[in-house]
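Fold and geometry: a report
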Amino acid sequence: MQIHRQPLNDTERATYEWQMWVPGVGEEGQEKLKGATVMISRLGGLGGVVAYELAAAGVGRFILAHGGNVKLSDLNRQLLMTYDWVGKPRIDSVARRLRELNPFAEIVAVPEQVHEGNAADLVGQADLVIDCAPLFSERFAMNREAVRQDKPLIECAMYELEAQITTIIPGQTPCLNCLYPEDPPAWQREFPVFGAVSGTVGCLAAMEAIKLITGIGTPLAGTLLVMDLREMRFHKVAIARNPACPVCGD
Amino acid sequence: MQALSNLSAGRSGSVGSITGISWGKGMAITITVEYFGQLQRLTGERVETLEIAPNTTIPGLLNELAARYGERFRDFLFTPEGRLRPSIPIIMDDYQLREEQYGALHDGARLLILSPVAGG
């Protein structure tokens, strides 16, 4: 992934001083974060936390897709939504809250979910894609485009007190279709959720993005991290590539 | 259920197994199975240690578990035609197995049966 570095001004140097102390980051890493464009599908309990952390870290540009209006049942986990915004478009609340935190970030707010018809355009605008959608049809559309356009894709999801996250590097790792070759019939659109679980995996996804952009550390490439926060069980699992995968196969 | 029993106390004295090696009558191997997502609700279990017959295959084990945990568990794991659903990742010793790798379990195997999740 080639990121065009953007020089920092004095305000940014002061804002990000403490994270530039992290070994391997420095001003060069911060310039990469400023130069990066990150696309996030859905800004709910998971994607909202990803966006908030990356805005705080100084990512320079966001492509954000989320349709619908804020509902009361969003507010236990969707930290970019507020009571005074109930009934209004979610994506406007997302843009408003991110601009409060980082007024220098460029935000492209797309008031719709990802689907087969817009995935190519949305993915094409980004250096890196983060998938937080609650439907496998949306996830498969993102996966297909990310692989086709050779863009890294962070896949993160949760259910009840559990979560899963992996990083897909096209040409190097298995893709989402290798892990889930079909739309799972048992998955239901509405699911039990605590915001703290979404937020946990959201922070991990943000960290994966920071690592990919700056080059520090080792991402979960080809590895699925499976978490059960009820018992604090954690497993790192090697995902098997499917040579016959219709998306990334030979 | 003849070939599957919960381990009560101590190990069976087995010395390990490799796919294809035959075992003496009465010997068993010990494995652990961890359930995730909706499977925890369907089984009421998170982790269980089981004694199973040597050379039990992964589909064989899952069929026996389906007999224990009922139709909803079976429907979750298997298609109506009795084939394991591709959308259920089966992990053994921290590696996802492809269907063609669903061979015999070995003594001490750690099996994870994941549920597909997409919540955010």
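What you see is a predicted model; the values in this text were computed from it and never measured. (Residues numbered from 1 in each chain as written. Chains lettered and ligands numbered in written order. Predicted model: local features only at pLDDT ≥ 70, side-chain atom pairs only at ≥ 80, totals over all residues.)

**As for the interface of chain B and chain A**
Keep this limit in mind: We call two residues in contact if the C-beta atoms placed from their backbones are at most 7 Å apart. By the convention adopted, Pro, Cys, Tyr, Trp, Phe, Met, Ile, Leu, Val and Ala count as nonpolar, Lys, Arg, Asp and Glu as charged, and the other residues, Gly among them, as polar.
Opposite the 22 residues of chain B that make contact, chain A presents 36 residues. Here the residues of the side of chain B that touches chain A are counted per class, giving 12 nonpolar, seven polar and three charged.

**Concerning the packing of helix α4 (residues 47-57) of chain A against helix α9 (residues 195-214) of chain A**
Residues and elements named next belong to chain A. Inclusion rule: With axes taken as lines fitted to C-alpha atoms, and helix axes fitted only over the stretch in contact, angles between N-to-C directions fall between 0 and 180 degrees. By the criteria applied, helices consist of DSSP H or I runs no shorter than four residues and strands consist of E runs no shorter than two, each listed in order from the N terminus. Orientation categories follow fixed angle ranges, with anything under 35 degrees roughly parallel, anything over 145 roughly antiparallel, 65 to 115 roughly perpendicular, and all other angles oblique. Note on convention: the crossing is left-handed when the near helix lies turned anticlockwise from the far helix by less than a right angle, right-handed when the turn is clockwise.
At a closest axis distance of 8 Å, the pairing of α4 and α9 adopts a crossing angle of 45°. When the axis of α4 is compared with that of α9, the two are oblique. The interaxial crossing formed by α4 with α9 has right-handed handedness. Between α4 and α9, the contacting residues are Val49, Val50, Glu53, Leu54 and Ala57 on the first element and Ser198, Gly199, Gly202, Cys203, Ala205, Ala206, Ala209 and Ile210 on the second. Class assignment for the residues of the contact of α4 with α9 results in nine nonpolar, three polar and one charged.

**Quick notes on helix α7 (residues 136-148) of chain A**
All names here are of chain A. Test applied: Multiplying 1.5 Å by the residue count of a helix minus one yields the expected span of that helix. Field definition: a residue is buried when 20 or more other C-beta atoms are found within 10 Å of its C-beta, exposed when 12 or fewer are, and partly exposed for counts in between, with C-beta atoms placed from the backbone.
Between its terminal C-alpha atoms α7 stretches 18 Å, which fits the 18 Å expected from 13 residues at 1.5 Å a residue. Most of α7 is tucked away, with 11 of its 13 residues classed as buried. Burial in α7 covers these residues: Phe136, Glu138, Arg139, Phe140, Ala141, Met142, Asn143, Arg144, Glu145, Ala146 and Val147. The elements touched by buried residues of α7 are β1 (37-41), α6 (119-124), β4 (128-131), β5 (153-159), β6 (162-168) and α8 (176-179). Phi turns positive one or two residues past the end of α7, at Asp150, with a value near 60°.

**Regarding the nonpolar core**
Residue and element names in this part refer to chain A. Where we set the bar: What we call a nonpolar core is a set of buried Ala, Val, Leu, Ile, Met, Phe, Trp, Tyr and Cys residues whose membership is set by joining through C-beta atoms within 7 Å.
Grouped together as the largest cluster of nonpolar side chains are 105 residues, with contacts concentrated most on Val38, Ile40, Val50, Ala51, Ile130, Ala205 and Ala209. No other element matches α9, which puts 10 residues into this core. Contact partners of Val50, with chain neighbours within four places excluded, come to Ile40, Ile130, Cys132, Gly202, Ala205 and Ala206.

**Remarks on helix α5 (residues 90-101) of chain A**
An ideal rise of 1.5 Å per residue puts 16 Å on 12 residues; α5 of chain A measures up with 17 Å between its terminal C-alpha atoms. Those residues of α5 of chain A not exposed but buried are Arg90, Ile91, Ser93, Val94, Ala95 and Leu98 of chain A.

**Examining the environment of Ser137 of chain A**
Structurally, Ser137 of chain A can be placed in helix α7. You can call Ser137 of chain A partly exposed: it has 13 C-beta atoms within 10 Å.

**Observations regarding the confidence of the model for chain B**
Caution is warranted with low-pLDDT regions, since their predicted coordinates should not be read in detail. Defined as follows: Values of pLDDT, ranging from 0 to 100, describe the predictor's confidence in every residue of the model.
For chain B, per-residue confidence averages 83 on the pLDDT scale, and 78% of positions sit at 70 or higher. Complex prediction metrics read pTM 0.92 and ipTM 0.89.

**Details of the environment of Leu50 of chain B**
Residues and elements named next belong to chain B. Here Leu50 shows up in strand β3 (residues 47-52). Assessed through the 22 C-beta atoms surrounding it within 10 Å, Leu50 is described here as buried. For the pair Leu50 and Leu39, spaced 11 residues apart in the sequence, the C-alpha separation amounts to 17 Å.

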